[in-house]
Amino acid sequence: MNNNRRTFLKAGAAAGAFTLVGFPHIWSKNSSLAYAQGGEIKVGVLFSLTGTTAIIEESLNKATIMAIEEINAAGGVNGMKIVPVIEDPASDPATFAEKARKLVLSDKCVSVFGSYTSASRKAVLPVFEKQENLFWYPTLYEGRECSKNVIYTGAVPNQQQDDFVPWLVEKFGKRWYLIGSNYIYPKEENNYVKKLLAGLGAEVIAEEYVPLGHSEFSSVINKFRSEKPNVIFSTVVGDSVVALHRQYRAAGLDPATMPMASLTTSENEVAAMGGDAAAGHFTSAPYFMVYDSPENKKFVEAYKARWGSDKVTHFVSESSYFQVYLFSQAVAKLAASDIGPLAIRDAVKGEQYKAPQGLVKVEPSNLHCWLRPKVGQAQSDGQFKILKQSADWVEPNPYSAYPDQKCTEEGLKQI
Amino acid sequence: MDFVVSQILTGLSLSSILLLVALGLAVIYGVTGVINLAHGEFVMLGAYCAWMLQTQFGWGLLASLVPIFILIAILGWLIEVLVIRHLYDRPLDTILATWGLGVMIQQIVRLTAGGELRYVQMPPSLSRSVNILGATDSAYRLFVLGVALALFALTWFIYSYTSFGLKLRAITQNRSIASCFGINSARAYRLTFAYGAGIAGLAGALISPLKSVSPEMGTTYVVDAFMVVVLGGVQSLLGTLVSSGLLGEISGLLAYYSNDTIAKALVLLAIVIIIRFRPQGLFAQRVRA
């Protein structure tokens, strides 16, 4: 019986294989022609152009569009043009999901580039997992995700913190004050920094969260004064970060002895708070606008020429830009008839690209990127001064705060 | 000692901002009975005026204060003439109309000035810290406190000691009888609305160096302002002063001992309980409806 069943299965598999080999048109034509039709490859671009996060997401939209235009101007991918389908999800997670569904199901996009906040990523995730499509997420984020339908090109906690935290401890001291906005991202970053600090023998004197959008920091600053931490590790985001920096400065505190260390304060935030309020504080990121590389020079010049000379580039717009190139390299490896979301995902594994920040690579196991973290100090002219660079690219580990879990090619594994 | 002083100063600073944003609302609501949901947008416009005068014309914040008061007061006057005046006896409609105005103002600012966060430079003479009884505080925050108290005193003076204030009090007591005695209540309402709007604009300009300036900033302040006015008692200026002082000190203290998230929740809870047992607010004036 057992034997019979085995033989039957074998026969079935052989028949299936034969079908695939023998009549390839039945399978490949239907599925692939929808994705690469008439010399065009449709991709979705899903960044908010209105609503509360529109300010930052507009810059990501611009970087994405610019990369697509550059690739098309240089002849496209194997002669095919990339055609962006732009949707505006209006900073609302529910709209994100709805627009993602539209891009995948009705526009038949082969991939979608988009979103900035973790809330919006979580909202679109089920769409891409259920429809077996591919989402490209450019933002640094808290990690702890292991989707097989997302390529993550932003940094995860270990990439931004591993070099940064020991350097700060050595330079400024061991008393750390953790202040963040009250949601998932700061809490996960703090989970990891607490682990690092414990290993370094440093002390967390306070861990505090303020409501999202909070703008009155006088009590917090009062505590800075009385606790006298060596480093203020800030994961405050949005307009709160502007209020925190401006009130810190108004209170007459000195970044030379009590600097704020941030993972989210980019050129964009500095422009919003004014260079005088940002000067002296530190940020760890894979990319700064002033980074000296031929690729970055070209990127910044092209960005200003395309969108206006007063515009700044920052680490999320940079990853929005290079992820389109990773996409085009992966597509270029495929025959036109094979192009599809999962084929692109498999083709992009291990793919390298010389981005403005330096050479980056997609890690095959967890689909995050090997990046090149740097430490920058904000200057009063609104730019950063790069003080330190990681010796080599740093492997992404989305579960760095959870040593018993690991993201592998098969999915999340408990160790 | 210096801890106690710095804690009191922190509370006072919170209070002064609350008082600034609530004063205009209290004046308008107390006299005209209009629930002005566009109040936050007047605050926002004040902040944007400060930003514009600074970036376009190079004016310092201190020099811009009076022009900003006048500009926003004129805007308030216009809004009263064009919209509010037609809706005085329809409280629900005024809520809807002022809310709609608020949305429009927000979007107009977004379309013209852009959605980016902005900031306003602090006056150089005030961007330092000062020592008070061993505690350090920002000179600018003390300046804001001073201005808030001065504005309150001015409003109090107008209300209590001028003939215009006497008319206002008469109108507040009973509008139709006051009109029978020859008081031009329409004019008084218009001036009150303009004055309240001007103070809101001034509040926005004063807080702009401490906070970020964005088209949506008004929404949080209108909530704070309502909290102060409702707790203080809607027709009492003194109530507004006391309740902003109380709310500022309490939330400062709670935020110091726990954090701002808990402080905000506890303060709101306390207000809910107080309103449950004293719906007229802490200081209620007896008024004939």
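Provided above is the structure to which this section pertains.
Okay, so let's go over this structure. (Residues numbered from 1 in each chain as written. Chains lettered and ligands numbered in written order. Predicted model: local features only at pLDDT ≥ 70, side-chain atom pairs only at ≥ 80, totals over all residues. Heavy atoms only, no water.)

This paragraph deals with the overall build of chain B. For chain B, the count of helices and strands is eleven helices and two strands. Secondary structure elements of chain B occur, N-terminal to C-terminal, as α-α-α-α-β-β-α-α-α-α-α-α-α. Over its C-alpha atoms, taken along the principal directions, chain B stretches across nearly 60 × 45 × 35 Å. By residue count, 53% of the 289 residues in chain B fall in the buried class. A fraction of 77% describes how many contacts in chain B between residues 6 or more apart in sequence connect residues 24 or more apart. By element, 70% of the accessible surface of chain B is carried by carbon and sulfur atoms, the whole surface being about 13000 Å². Side-chain charges of chain B comprise 17 positive and 11 negative groups, with the mean position of each set lying 12 Å from the other. (Helix = DSSP H or I, 4+ residues; strand = E, 2+ residues; numbered from the N terminus. Buried < 20%, exposed > 50% of the residue type's maximum accessible area, 1.4 Å probe, protein only. Contact = heavy atoms within 4.5 Å. Areas by Shrake-Rupley, 256 points an atom, 1.4 Å probe, with all protein chains shown as cover. Lys, Arg positive; Asp, Glu negative; His and termini not counted. Charge placed at Lys NZ, Arg CZ, Asp CG, Glu CD.)

Bringing the packing of helix α9 (residues 218-232) of chain B against helix α10 (residues 237-257) of chain B into the picture now. Residues and elements named next belong to chain B. Relative to each other, α9 and α10 sit at 120 degrees, their axes nearing to 8 Å. Taken together, the axis directions place α9 and α10 in an arrangement best described as oblique. For α9 against α10, the interelement crossing comes out right-handed. In this structure, α9 contributes Met227, Val228, Leu231 and Gly232 to the contact, and α10 contributes Gly239, Thr240, Ser243, Ser244 and Leu247. Residue classes in the contact of α9 with α10 are distributed as four nonpolar, five polar and no charged. (Axes fitted to C-alpha atoms, helices over the stretch in contact; angles between N-to-C directions. Parallel < 35°, antiparallel > 145°, perpendicular 65-115°, else oblique. Left-handed = near helix turned anticlockwise from the far one by under 90°. Nonpolar A, V, L, I, M, F, W, Y, C, P; charged D, E, K, R; others polar.)

On to the side chain of B:Asn259, then. Inspection of the secondary structure assignment puts B:Asn259 in the loop between α10 and α11 (260-277). Classification of B:Asn259 as buried rests on a relative accessible area of 17%. Here the side chain of B:Asn259 touches B:Thr261 through a polar contact of 3.0 Å, landing on its backbone nitrogen. Not counting residues up to four positions away in its chain, the partners in contact with B:Asn259 are A:Glu208, A:Tyr209, A:Lys223 and B:Leu254. (Polar contact = N/O pair within 3.5 Å; in protein donor to acceptor, adjacent residues only side chain to side chain.)

Once that is clear, we can look at the environment of B:Phe3. Residue and element names in this part refer to chain B. Considering the arrangement of structural elements, one finds Phe3 in helix α1 (residues 2-32). Among the residues examined, Phe3 registers a relative accessible area of 31% and is labelled partly exposed. Sequence separation between Phe3 and Gly30 is 27 residues, and the spatial gap between their C-alpha atoms is 38 Å.

Glancing now at the nonpolar core. If you look at the biggest cluster of nonpolar residues, it comprises 103 residues, and the most contacted ones within it are A:Trp136, A:Leu168, A:Trp176, A:Phe224, A:Phe327, A:Ile339 and A:Ile344. Broken down by element, the residue count for this core peaks at ten residues, all from helix α14 (residues 315-332) of chain A. Lining this core are residues from two domains, each supplying at least three of them: domain 1 (36-156 + 290-372) and domain 2 (159-285) of chain A. Contact partners of A:Leu168, with chain neighbours within four places excluded, come to A:Gly173, A:Trp176, A:Val231, A:Ala261 and A:Phe282. In terms of nonpolar packing, the next biggest core, distinct from the first, is built from 76 residues, B:Leu19, B:Met44, B:Leu65 and B:Ile68 among them. (Core = buried A, V, L, I, M, F, W, Y, C linked by side-chain atoms within 4.5 Å. Domains from an automatic or database assignment.)

Residue and element names in this part refer to chain A. This model, assessed by the stated rule, comprises one disulfide over all chains. A sulfur-sulfur distance of 2.0 Å marks the disulfide that ties Cys146 to Cys407. Handedness of the Cys146-Cys407 disulfide follows from its S-S torsion of about 85 degrees: it is right-handed. Residue Cys146 is located in the loop between β5 (135-137) and β6 (150-152), and its partner Cys407 is located in strand β17 (residues 405-408); the two are separated by 261 residues in the primary sequence. Owing to a relative accessible area of 4%, Cys407 belongs among the buried residues under this scheme. (Disulfide = S-S within 2.5 Å.)

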